[in-house]
Amino acid sequence: MLFNKLLNSKWTSLDKKNGWYHYQVLNIFKKDKNIELYAICKKEIRIKLSINDLKNKKKWVPGWKDILD
């Protein structure tokens, strides 16, 4: 996965994270292979996770998708 393409990319978590599903990449930490995302509906909510977690299709899907509770 190219780091440059990740910045500002949009993602949907298949499980709620801090009450939200839809996130956008805010920062990329290349050295640690981590990224920081923020919740679209509440920008002050931020999460940090490894790029490997983001690549896991059982946890995250690219783009903003509808999730039914």
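Report on the accompanying structure. Since the structure is predicted, the reported quantities are computational estimates derived from the model, not experimental observations.

All right, on to the overall build of the protein then. Helix and strand content of the protein: 2 helices and 5 strands. Listing each helix as α and each strand as β along the protein from the N terminus yields α-β-β-β-β-α-β. For the protein, the C-alpha radius of gyration of 11 Å lies close to 11 Å, the compact-globule estimate for 69 residues. Projected onto its principal axes, the C-alpha positions of the protein cover 35 × 25 × 15 Å. Considering only residue pairs separated by 6 or more positions, the protein has 39% of its internal contacts joining residues 24 or more positions apart. For the protein, the exposed surface amounts to about 4,900 Å²; the carbon and sulfur share of it is 50%. One finds the centroid of the 16 positive side-chain charges in the protein at a distance of 7 Å from the centroid of its 7 negative side-chain charges.

As a further point, take the packing of aromatic side chains. What characterises a pair of aromatic rings is the spacing of the ring centres plus the angle enclosed by the ring planes. Applying the stated criterion across every chain, the model contains 1 aromatic pair. Arranged with centres 5.8 Å apart and planes meeting at 80°, the rings of tyrosine 23 and tryptophan 60 form a pair that is edge-to-face. Residue tyrosine 23 is found in strand 2 (residues 20–29), and its partner tryptophan 60 is found in strand 5 (residues 60–62); the two are separated by 37 residues along the sequence. Per residue, the accessibility class of tyrosine 23 equals that of tryptophan 60, and both read buried. Above the ring of tryptophan 64, the side-chain terminus of lysine 10 is found at 5.4 Å from the ring centroid. Sitting over the face of the ring of phenylalanine 29, lysine 48 holds its NZ or CZ atom 4.2 Å from the ring centroid.

Take the sheet that holds strand 3 (residues 34–39) next. Strand order in the open sheet formed by 5 strands is 4-3-2-1-5, and the pairing between neighbours is antiparallel. Each of the sheet's edge strands pairs with one partner strand only, and the pair in question is strand 4 (46–50) and strand 5. Sheet twist, expressed as the mean angle between neighbouring strand axes with direction ignored, is 35°. Pairing analysis gives 3 bridges linking strand 1 (residues 10–17) to strand 5, with the strands arranged antiparallel. What sits directly across from threonine 12, in strand 5, is valine 61.

Thresholds applied
- Residues numbered from 1 in each chain as written.
- Predicted model: local features only at pLDDT ≥ 70, side-chain atom pairs only at ≥ 80, totals over all residues.
- Heavy atoms only, no water.
- Helix = DSSP H or I, 4+ residues; strand = E, 2+ residues; numbered from the N terminus.
- Rg over C-alpha atoms; globule rule 2.2 N^0.38 Å.
- Contact = heavy atoms within 4.5 Å.
- Areas by Shrake-Rupley, 256 points an atom, 1.4 Å probe, with all protein chains shown as cover.
- Lys, Arg positive; Asp, Glu negative; His and termini not counted.
- Charge placed at Lys NZ, Arg CZ, Asp CG, Glu CD.
- Phe/Tyr/Trp six-rings, centres within 6.5 Å; stacked < 30°, edge-to-face > 60°.
- Buried < 20%, exposed > 50% of the residue type's maximum accessible area, 1.4 Å probe, protein only.
- Lys NZ or Arg CZ within 6 Å of the ring centre and 35° of its normal.
- Pairing = 2+ DSSP bridges.
- Axes fitted to C-alpha atoms, helices over the stretch in contact; angles between N-to-C directions.

Keep in mind that these numbers describe shape and distance, not what the molecule does.
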